Amino acid sequence: MEYSKGVNERFERLMKEIADYESIKGTILTGIEDYEKIAYQKKKILKYLNATEEDYNDYRWQMKNRFTSSKGLSEIINLPDKDIGYINAVASKYRFAVSPYYLSLIDPENPACPIKKQAIPSAEELNDMGELDPMDEKGTAVHEIITRRYPDRLIIKVTNVCGMFCRFCQRRRLIGETDKIVPRSKIQTAIEYVRENREIRDVLITGGDAFMVSDELIEWMLKELRAIPHVEIIRFGSRTPVTLPQRITKNLVDILKKYHPVFVNTHFNHPREITPEAKKACEMLADAGIPLGNQMVLLNGVNNDKFVVRKLNQQLLTIRVKPYYIFHPKTVKGTSHFWVKIEEGLEIMESLRGRTSGLAIPTYIINGPKGLGKTPIMPNYILYLGKDKAAFRNWQGEFFEVENYSSGG
């Protein structure tokens, strides 16, 4: 098909806008693209644990066999002796556990593997810069397990259990040393609070990881909340599709879809976390009519790269997960090695606009200290706002003006 010279020049310019990404995206591998290496690591783990494929596909087995110390790690991934010492030192201060599945995603040939950074303790965690509760969740708690910062919604924390304890966790102060499920009596008290406050229309069940409680407890909570007329939306916060996808079972999905509208927000941070297992888990939820959102945390050395984030967000859409938030890292004690400058997040947001679909562009969020809530940050596209005119720049930096008027004069 032939086009005019002007049209061809525009097409060429558009292609140049993404040429840098197109030249590098093949080196940023998803877990699907690099699954041969992951499968090899999985084989090593099965041998070490004397386990079968059937065991591996059972989330209860995964939980029972989480790696919780340096023991065995050096047989699966390459660990210098000094790192083993640091792992033990950190694990004595901040709890450590990683599922066999998530451990298999670590590339043993890459000392800077982004999966390893998220899963395995490092010496940097011994740096005490920061606070254990920078968002003052304790100060915004209206009940032992309820956090409320907004007029029409709240969080109910039902467990401290996770398939993996992320090294950047914002609630590491609550993890403790043993797995605990909140007693049903305390959850019932929280549900009664929702029932008594008619302005609450949106309830987020989280933890820990909300899907780490039993199917029976999940169904009971859903039934109780769904019986409250003013509760319109029920959400679950869970990283199990990423760290323990075996937890997304047919029985769990069948329970969730009985109580629509139910939403699930999950937490992919890097393209390597998108594996065949994660894809299956997300598609099971999506097939049940459950909208999926992703809440990525911007982490130094993991995803503070515009091309990594673009690849992640585009690939998430292929497994029917909508990029929802990019969270600026919170200043949690022991996580300072993950912190980034706000400018880095803005550069990533700038690089997405116009160069990928709007579906792949989340909202960049910074949490106000001491419970001041989520505040969006975005590049500045508006240059001037006057009584009669407004001036802007577009995603390519081109200037334009529009009339600023309304039918009311």
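What counts and what doesn't
- Residues numbered from 1 in each chain as written.
- Predicted model: local features only at pLDDT ≥ 70, side-chain atom pairs only at ≥ 80, totals over all residues.
- Heavy atoms only, no water.
- Salt bridge = Lys/Arg side-chain N within 4 Å of Asp/Glu carboxyl O.
- Helix = DSSP H or I, 4+ residues; strand = E, 2+ residues; numbered from the N terminus.
- Buried < 20%, exposed > 50% of the residue type's maximum accessible area, 1.4 Å probe, protein only.
- Polar contact = N/O pair within 3.5 Å; in protein donor to acceptor, adjacent residues only side chain to side chain.
- Contact = heavy atoms within 4.5 Å.
- UniProt positions renumbered as here; feature names shortened; annotations may be inferred.
- Pairing = 2+ DSSP bridges.
- Axes fitted to C-alpha atoms, helices over the stretch in contact; angles between N-to-C directions.
- Core = buried A, V, L, I, M, F, W, Y, C linked by side-chain atoms within 4.5 Å.
- Domains from an automatic or database assignment.
- Buried area = accessible area lost by both parts, 1.4 Å probe.
- Nonpolar A, V, L, I, M, F, W, Y, C, P; charged D, E, K, R; others polar.

For the rest of this paragraph, the subject is the pattern of salt bridges. Oppositely charged side chains are able to pair whenever their charged atoms sit close together. Scanning the model with the defined rule gives 30 salt bridges in all. A salt bridge links E144 to K186, with the shortest nitrogen-to-oxygen separation between them at 3.1 Å. Taken together, the residues E144 in the loop between β1 (141–143) and β2 (146–150) and K186 in helix α10 (residues 184–196) connect sequence positions 42 residues apart. Classification of K186 as partly exposed rests on a relative accessible area of 32%. A salt bridge links E219 to K258, with the shortest nitrogen-to-oxygen separation between them at 2.5 Å. Taken together, the residues E219 in helix α11 (residues 215–226) and K258 in the loop between α13 (250–256) and β6 (262–266) connect sequence positions 39 residues apart. Exposure remark for E219: the relative accessible area of 22% places this residue in the partly exposed category.

Residue placement: H270 occurs in the loop between β6 and α14 (276–287). Relative accessible area serves as the criterion here: at 9%, H270 is assigned to the buried category. A polar contact of 3.0 Å, which involves the side chain of H270, links it to the backbone nitrogen of R272. Look past the residues within four positions of H270 in its chain and what remains in contact with it is P114, Q118, V302, V308 and L312.

Here we take up the side chain of K157. Counting through the fold element by element, K157 comes out in strand β3 (residues 153–157). Residue class for K157 comes out buried when judged on its relative accessible area of 11%. A polar atom in the side chain of K157 sits 2.7 Å from the side chain of T147.

Turning our eyes to something else, we now look at the UniProt feature "modified residue: N6-(pyridoxal phosphate)lysine" (unreviewed entry) in the protein. The feature "modified residue: N6-(pyridoxal phosphate)lysine" (unreviewed entry), as annotated in UniProt, sits at K374 in this numbering. Turning to its location among the elements, K374 is positioned in strand β10 (residues 373–377). With relative accessibility at 35%, the residue K374 sits in the partly exposed group. When residues no more than four places from it in sequence are discounted, the contact partners of K374 are Y150, Y325, F327, I365, I366 and N367.

A few words on the sheet that holds β1. Spatially, β1-β2-β3-β4-β5-β6-β7-β8-β9-β10 is the arrangement adopted by the 10 strands of the open sheet, whose pairing is mixed. The outermost strands of the open sheet, each flanked by one partner alone, are β1 and β10. On average, each strand axis in the sheet is tilted by 30 degrees relative to the strand beside it, whichever way the strands run. Bridge analysis of β3 against strand β4 (residues 202–206) gives five bridges, and the strand direction is parallel. Looking at the pairing, I155 lines up with L204 of β4. Running over the sheet, helix α16 (residues 342–352) touches β8 (322–327), β9 (363–368) and β10 and is turned about 160 degrees from β9.

Attention now moves to the nonpolar core. In terms of nonpolar packing, the biggest core is built from 95 residues, with L103, I218, F236 and L256 touching the most fellow members. Two domains each provide a minimum of three residues to this core, namely domain 1 (34–123) and domain 2 (141–376). With near-sequence residues (within four places) excluded, F236 lies in contact with L204, I205, A210, F211, I218, L222, L256, V262, F263, V264 and N265. Listed in part, the five residues of the second largest apolar core include Y59, M63, V161 and M212.

On to the domain arrangement of the protein. Parsing the protein into structural domains produces domain 1 (34–123), domain 2 (141–376) and domain 3 (380–408). Taking only C-alpha atoms into account, the centre of domain 1 sits 23 Å from that of domain 2. In this assembly, 31 residues from domain 1 lie in contact with 37 residues from domain 2. A combined buried area of about 2,800 Å² lies between domain 1 and domain 2, and 56% of that area is made up of carbon and sulfur atoms. Across the domain 1-domain 2 interface, the total number found is three salt bridges. Here D179 and R66 are joined by a salt bridge, their closest N and O atoms 2.6 Å apart. Between the two partners, domain 1 and domain 2, sit 17 residue pairs in polar contact (both at pLDDT 80 or more). Its residues assigned to classes, the side of domain 1 that touches domain 2 comprises 19 nonpolar, five polar and seven charged.

Here the focus is the environment of T140. Note that T140 resides in the loop between α8 (114–119) and β1. The class for T140 is buried, based on a relative accessible area of 14%. Separated by 261 residues in the primary sequence, T140 and E401 place their C-alpha atoms 44 Å from one another. Aside from chain neighbours lying at most four places away, what touches T140 is I146, T147, R148, R149 and G371.

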